[in-house]
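Summary of structural features
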Amino acid sequence: MHEEVFEEHRSHLRAVAYRMLGSLTEADDVVQEAWLRMDRADVGDVRNPRGWLTTVVARICLDVLRARSARPEEPLDEAKAIAAPDAVDPEQEAVLADSIGVALLVILQTLSPAERLAFVLHDMFDLPFAEIAPIVGRSENTAAQLASRARRRVRGKTPDPATDLVRQRRLVDAFLAAARDGDFDALLALLDGNVVLRVDATAAGTPTAIRGAHAVAANAHAFSANARFAEPALVDGAVGIVVAPRGKLALVLRFRTAGDKISEIDIDADPRRLSNFKLALLD
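In this report, the structure presented in the accompanying data block is examined. Along each chain, the written sequence defines residue order, and numbers are assigned to residues from 1. pLDDT decides what is reported in this predicted model: residues at 70 or higher carry local features, side-chain atom pairs at 80 or more are listed and counted, and totals for whole chains, interfaces and linings draw on all residues regardless. Hydrogens and water molecules were not included; the side-chain quantities draw on all heavy atoms of the structure.

When accessible area is computed with a 1.4 Å probe and restricted to protein chains, residues below 20% of their type maximum are described as buried, those above 50% as exposed, and intermediate ones as partly exposed. Under the scheme used here, helices are H or I runs from DSSP no shorter than 4 residues and strands are E runs no shorter than 2 residues, and both carry numbers assigned from the N terminus. For helix 12 (residues 213–222), the set of buried residues is Ala 213, Val 216, Ala 217 and Ala 220. Projected down its long axis, helix 12 carries its buried residues within an arc of 100 degrees, all on one side. Looking at helix 12, the residues exposed on the side facing more than 90 degrees away from the buried face are His 214 and Ala 222. The contact criterion used is simple: two residues touch if any of their non-hydrogen atoms lie within 4.5 Å. Here the buried face of helix 12 lies against helix 10 (165–181), helix 11 (184–190), strand 1 (191–200), strand 2 (208–211) and strand 6 (261–268). An arc is given here, and it is the one of the directions from the helix axis to the C-beta atoms.

Two aromatic rings, drawn from Phe, Tyr or Trp (for Trp, its six-membered ring), form a pair once their centres lie within 6.5 Å of each other, and the interplanar angle then sorts them: stacked below 30 degrees, edge-to-face above 60, tilted otherwise. With the rule as written, the count across this model stands at 2 aromatic pairs. Arranged with centres 5.2 Å apart and planes meeting at 70 degrees, the rings of Phe 175 and Phe 255 form a pair that is edge-to-face. Separated by 80 residues along the polypeptide, Phe 175 in helix 10 and Phe 255 in strand 5 (residues 251–258) bring together distant segments of the chain.

Next up on the list: the pairing of strand 1. As paired strands, strand 1 and strand 6 are joined by 6 bridges and run parallel to one another. Looking at the pairing, Leu 197 lines up with Ile 265 of strand 6. Here strand 1 pairs with strand 2 via 4 bridges, running antiparallel. Its bridge partner being in strand 2, Arg 198 is matched across the sheet by Ala 209. DSSP bridges decide pairing: two strands pair if at least two such bridges lie between them.

Structure follows, in structure tokens:
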């Protein structure tokens, strides 16, 4: 009987765990642990198995997130991520993009464990704060404040009215689409003739500069294999691109425009600098 009830809610529990952890492998491990706990527990009097299981999964995820915070993860090897994108399971990446989005996944990783739990459970799964509060060990009001802080981080500050986000978004979307398709001519049409591309992989190094529309378009064409891991996002208040194979932030692309052309592209890959960018979702 336990198994039938659990299987009825497995997909929901996996969705909760995945959004909490950003890792399909860890999400499946959490769901399996939830099953073991249910199998060992006396749940005969549980009237809402879905709610009970969601709470169990949330508590396990919170423990995992707190353990992560106490033991910082090693930075992703950007060179391997860029040079060998096929090492990432495309099916897992498709699930990642479809279920949460690369940009949101990256931004969620900047939240504290309690903020992430409150935001995911309330804003994504409509769990009331009265049920979230005991999980994080806070009052109902404090749980609401945690979700509110997370929401502000996810949405970012109101952009400067002078910033033309619509035009920026149109150019960046077109750039990303052309890169994904490997469309050299489309890339060339988006670039200013004197465009400059700077690639900075280390905090102490000198950025590599590539100049001219043809040279930059050729370089962007080579980026096509990684474009499937990319998504537009607000980067320090302007429209940019985040690249996150396996859900780990590897690259940030920032753009400057002149008229209806892209005049400068900065690609940052140094882990220490990546953590300093203020990222937010685009509407």
